[in-house]
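Read off the chains here:
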Amino acid sequence: LPRMDLRKDIRRLQKRYFRHFPEEKAETGPFTEFVARFDGESLYDRKNLAGHITAGGVIVSRASHRVLLLKHRQLGKWLQPGGHVEAADDSVLDAAYREIAEETGIRSEQLTPLTFPGETALPLDMDSHYIPACAAKNEAEHTHHDMRFVFLFDGDDDRVMIDRNESDAFRWVSLDELAAIPDFRDLAPRIETLLGEADAK
């Protein structure tokens, strides 16, 4: 069993998220309904075909303001590091840190959450999206209820060590390039705004 109360953690994050993005309450309804319907292990159990909670970590180079993307082996898309919450994770945020380390070799101590003034680490995006069936993993089609955190990276952009089981390649893109990718269209301007505030400090 997880060491955390996952439902409580998610609801706490959602409450803070909607404080900044109240207009998203309606469109994130499926996410909220999923959390209301399930609890405990069923929130992250991969056998739950109603879906499961996932966590992503968008990594922004503090020096260049470029964003790290991985070529996802299964989906064939350029995405941020991320994946399923697991029983050993202390929180959704902890899952994001773990996924980043596993998929890029970047350690949590090299990362600083990018968030609003006065806030601690907070997702800057939350959604529910369809995942097609994968015969190789013996997984049926399902839904990922996903929270994406954004981090400033203080390390060397060239020292990324991708997991070849998960990703085929990596690249760093500008915020303009990021905004042109449908999966990041809404997130890119939020990152740009918060980077401007961080630089102004």
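Reading guide: rules and limits
- Starting afresh in each chain, residues are numbered from 1 along the sequence in its written order.
- With pLDDT at 70 or above as the cut-off, local features in this predicted model cover only qualifying residues; side-chain atom pairs require 80 or more to be listed or tallied, and sums for whole chains, interfaces and linings still use all residues.
- The basis for the side-chain values is all heavy atoms of the structure; hydrogens and waters are excluded.
- Side-chain rings of Phe, Tyr and Trp (the six-membered ring for Trp) are treated as a pair once their centres are within 6.5 Å; stacked means planes under 30 degrees apart, edge-to-face means over 60, and tilted covers the remaining angles.
- In this description a helix means any DSSP run of H or I spanning at least four residues, a strand means any run of E spanning at least two, and both kinds are numbered starting from the N terminus.
- The criterion for a charge sitting over a ring is simple: Lys NZ or Arg CZ within 6 Å of the ring centre, and within 35 degrees of the ring normal.
- When a carboxyl oxygen of Asp or Glu lies within 4 Å of a side-chain nitrogen of Lys or Arg, that pair is called a salt bridge.
- Burial here depends on accessible area, computed with a 1.4 Å probe over protein chains only, as a share of the maximum for the residue type. Under 20% is buried, over 50% is exposed, and the range in between is partly exposed.
- What counts as an axis is a line fitted to C-alpha atoms, over the stretch in contact for a helix, and the angles between N-to-C directions run from 0 to 180 degrees.
- Angular relationships are summarised with four words: roughly parallel below 35 degrees, roughly antiparallel beyond 145, roughly perpendicular across 65 to 115, and oblique for the angles in between.
- Take the far helix as your reference; a near helix turned counterclockwise from it by less than a right angle gives a left-handed crossing, and one turned clockwise gives a right-handed crossing.
- Whether two residues are in contact is decided by their heavy atoms, any of which lying within 4.5 Å being enough.
- Cavities and pockets were defined on a 1 Å grid built over protein atoms only: a cavity is a set of grid points that admits a 1.4 Å probe from which the probe cannot escape, a pocket is an open set flanked by protein on both sides within 12 Å along at least five of seven lines, and lining residues are those with an atom within 4 Å of any such point.
- Grid points are joined across faces, edges and corners, and a volume is the space filled by probe spheres set on the points.
- In this count, Pro and Cys sit with the nonpolar residues alongside Ala, Val, Leu, Ile, Met, Phe, Trp and Tyr, while Asp, Glu, Lys and Arg are called charged and the others, Gly among them, polar.
- Among buried residues, those of type Ala, Val, Leu, Ile, Met, Phe, Trp, Tyr and Cys that are joined through side-chain atoms within 4.5 Å constitute a nonpolar core.

Q: Residues and numbers for the packing of aromatic side chains, please.
A: Overall, the coordinates contain 7 aromatic pairs when judged by the stated rule. Note on Tyr-97 and Phe-151: the rings are 5.0 Å apart at their centroids and 40° apart in plane angle, and the pair reads as tilted. On the criterion of sequence distance, the pair formed by Tyr-97 in helix H3 (residues 92-104) and Phe-151 in strand S7 (residues 142-153) is long-range, its members being 54 residues apart. Here a set of aromatic residues connected by ring pairs shows up, and it is made of Tyr-17, Phe-18, Phe-21 and Phe-116. One residue, Arg-171, lies across the ring of Trp-78, its end atom 4.4 Å from the ring centre.

Q: Which residues make up the pattern of salt bridges, and what values do they have?
A: This structure, assessed with the given rule, holds 15 salt bridges. A salt bridge links Glu-24 to Arg-190; the nearest nitrogen and oxygen atoms lie 2.2 Å apart. Remark: Arg-190 occurs in helix H5 (residues 187-200) and Glu-24 occurs in the loop between helix H1 (6-20) and helix H2 (29-37); sequence separation between them is 166 residues. Each member of the pair, Glu-24 together with Arg-190, is buried.

Q: An account of the packing of H1 against H2 is needed here, citing residue identities and associated values.
A: Running from amino to carboxyl end, H1 crosses H2 at an angle of 150°, the nearest separation of the two axes being 10 Å. The orientation of H1 relative to H2 falls into the category roughly antiparallel. Crossing of H1 over H2 shows left-handed handedness. Contacts between H1 and H2 pair Arg-7, Ile-10, Arg-11, Gln-14 and Phe-18 from the former with Phe-31, Thr-32, Val-35, Ala-36 and Arg-37 from the latter.

Q: Could you give an account of the side chain of Glu-99, naming the residues involved and the relevant values?
A: Structurally, Glu-99 can be placed in helix H3. Take Glu-99: its relative accessible area is 5%, and that puts it in the buried class.

Q: A description of unusual backbone geometry should follow, citing residues and the corresponding values.
A: Even without a glycine there, the phi angle at His-65 is positive, about 65°. Residue position: His-65 is located in the loop between strand S1 (52-61) and strand S2 (67-72).

Q: I'd like to hear about the layout of surface pockets, residue by residue, with values.
A: There is about 890 Å³ of room inside the largest pocket. Lining the largest pocket are 45 residues, with Leu-79, Gln-80, His-129, Ile-131 and His-144 sitting closest to its centre. Of all the secondary structure elements, the ones that give two or more residues to the lining of the largest pocket are S1, S2, strand S4 (82-84), H3, strand S6 (125-131) and S7. A breakdown of the residues in the lining of the largest pocket according to their chemical character gives 12 nonpolar, 13 polar and 20 charged.

Q: Now, about the nonpolar core: what can you tell me, with residues and values included?
A: Core analysis: the biggest nonpolar cluster contains 53 residues, and Ile-10, Ile-53, Val-92, Leu-178 and Ile-191 have the highest contact counts within it. Among the elements that make up this core, the one with the highest residue count is S7 (6 residues). Residues in contact with Leu-178, not counting those within four places in the same chain, are Val-67, Leu-69, Val-173, Phe-184, Ala-188 and Ile-191.

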